Amino acid sequence: MVELDVAGVAQASHTGTLPPRDGVSLALRAAYDHALAHREGAVADYIPVLAEADPEAFGLSLVDVTGSVHDIGDSRVEFSIQSISKAFVYALLCDAVGHEQALATVGVNNTGLPFNSVVAIELNDGHPMNPMVNAGALATTALIPGDSPDERWETIHRGLSAFAGRTLDVDEVVFSSESATNQRNRAIARLLESYGRIRHDPDGVVEVYTRQCALLVDAHDLAVMGATLADGGVNPVTGERVVGAEVARDTLAVLAASGLYERSGEWLFEIGLPGKSGVAGGLVTIAPGKGAVGSYAPRLDTAGNSVRGQIAAAHLSRTLGLNVFASTPRTAPPVPEVAP
Ligand code: GLU
């Protein structure tokens, strides 16, 4: 894992609410400045067009469950959502088919292996394992209700746009670039088909998946999308219910276990929040009941997670007391009630 460089940053105790607006702005600025100094990592290039991203770009956005917005830097620079789409498509699937079926058909356990591992499928008798690796994401996309790839795409496009609160566009250049080089994902889909895990045409499933990964978002969109999961499935900016509260809860549980590729355990240990990263440099970190942080910074660690994004999230988790596992002892005994 990258050196998160927050050893000297005090951990505020976990609280039920965010501080007042000025406090959040100051914390966001401090996290931004702190992460900006870091230049480790490398821009992804296995999808050729991603290599053209500006390595210095850095945007940070925090949206809370009241819909209040804080944006810094390149928060409106667009990039392809990539793997972060997996989280929101999974939420749409859970909403459509329910907790039990999503658990049985896609699974929720971490593989401990890279996101595009074929070995993980073989080791688990063809089970896709969890929706944050490509096998599970392809199985998820295949299970979205619809009679054709076009219908499934419509559902996904409409749903992810509702999470963001605006109609998202596809970056056709990214879509073409990935379509020309995604032989591995097509192989994974065929392998899942051979195990009876995908019942539609695998190439059509990969095409819809590749298109969902090419949706353009910015750091602000990611914060709104994450804040929708933080707010029990209601978009706090538009007021629209996008998914049920149980679905938001279940999706966050999956992200806590598997959102940061094979570094998910280290992430949870250091930051204590559900999150999801994508290889174009996006990262969304969700504080349930409070809000979410979206970031864009294309230099990645070796697992595929944005370096600056992780450092900013770690800083904010500490300074805003967001770590869901942090508590302080209740030292003062409760005051006994005295009868008048
Ligand atoms: N579209 C990419 C792939 O399937 C997503 C990778 C990612 O962001 O992890 O390889």
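Placed above this text is the structure.
The numbers attached to residues start from 1 for each chain and follow its sequence in the written order. Selection of residues for local features in this predicted model requires a pLDDT of at least 70, selection of side-chain atom pairs for listing and counting requires 80 or more, and totals for whole chains, interfaces and linings are taken over all residues. Each side-chain value is derived from all of the structure's non-hydrogen atoms; neither hydrogens nor water enter the calculation.

A few words now on unusual backbone geometry. Phi at Gln82 is positive, roughly 50°, even though this residue is not glycine. In this text, helices come from DSSP runs of H or I with a minimum length of four residues, and strands from runs of E with a minimum of two, each type numbered from the N-terminal end. Mapping Gln82 onto the fold places it in the loop between strand E4 (79-80) and helix H2 (84-97). Per-residue accessibility, obtained with a 1.4 Å probe over protein chains only, is compared with the maximum for each type, and a residue is labelled buried under 20%, exposed over 50%, and partly exposed between these values. A residue is classified by how much of its surface remains accessible, and Gln82, at 2% relative accessible area, is buried. The phi torsion at Tyr261 lies on the positive side, around 55°, for a residue other than glycine.

Throughout this document, a residue counts as near a molecule or strand when at least one of its heavy atoms sits within 4 Å of that molecule or strand. Close to the ligand lie Tyr46, Gln82, Ser83, Phe115, Asn134, Glu178, Asn185, Tyr209, Cys213, Tyr261, Gly278 and Val279. Polar contact is the term for a pair of N or O atoms within 3.5 Å; when the atoms are in protein, one must be able to donate a hydrogen and the other to accept it, and sequence-neighboring residues count only if both atoms are side-chain atoms. Note that a nitrogen atom of the ligand is positioned 2.6 Å from one of the side-chain N or O atoms of Gln82. For the ligand, an oxygen atom lies 2.7 Å from a polar atom in the side chain of Tyr209. For the area figures, the Shrake-Rupley method with a 1.4 Å probe applies, and any residue is considered shielded solely by the protein chains shown. Considering the ligand on its own, with 300 Å² of exposed area, one finds that the protein chains cover 98% of that surface.

On to the sheet that holds strand E3 (residues 69-73), then. Two strands qualify as a pair provided that DSSP identifies no fewer than 2 bridges between them. The 5 strands lie next to each other as E3-E2-E8-E7-E6, forming an open sheet whose pairing is antiparallel. Taken across any chain shown, the strands that pair with only one partner, and hence form the sheet edges, are E3 and strand E6 (275-277). If you compare each strand with its neighbour and ignore which way they point, the axes differ by 10° on average. Pairing geometry for strand E7 (residues 282-287) and strand E8 (residues 291-296), over 6 bridges, is antiparallel. Bridged to Leu283 within E8 is Ser295. In this analysis an axis means a line fitted to C-alpha atoms, helices contributing only their contacting stretch, and an angle means the value between N-to-C directions, from 0 to 180 degrees.

This part is about the pattern of salt bridges. We define a salt bridge as a contact between a side-chain nitrogen of Lys or Arg and a carboxyl oxygen of Asp or Glu at a distance within 4 Å. One pass over the structure, following the stated rule, counts 14 salt bridges. The salt bridge partner of Arg299 is Glu56, with a shortest N-O separation of 2.7 Å. With Arg299 in strand E9 (residues 299-300) and Glu56 in the loop between strand E1 (42-43) and strand E2 (59-64), this residue pair connects regions lying 243 residues apart in the sequence. We note a salt bridge from Glu270 to Arg318, for which the minimum N-O separation is 3.4 Å. With Glu270 in helix H12 (residues 264-271) and Arg318 in helix H13 (residues 307-319), the pair connects residues that are 48 residues apart, well separated along the chain.

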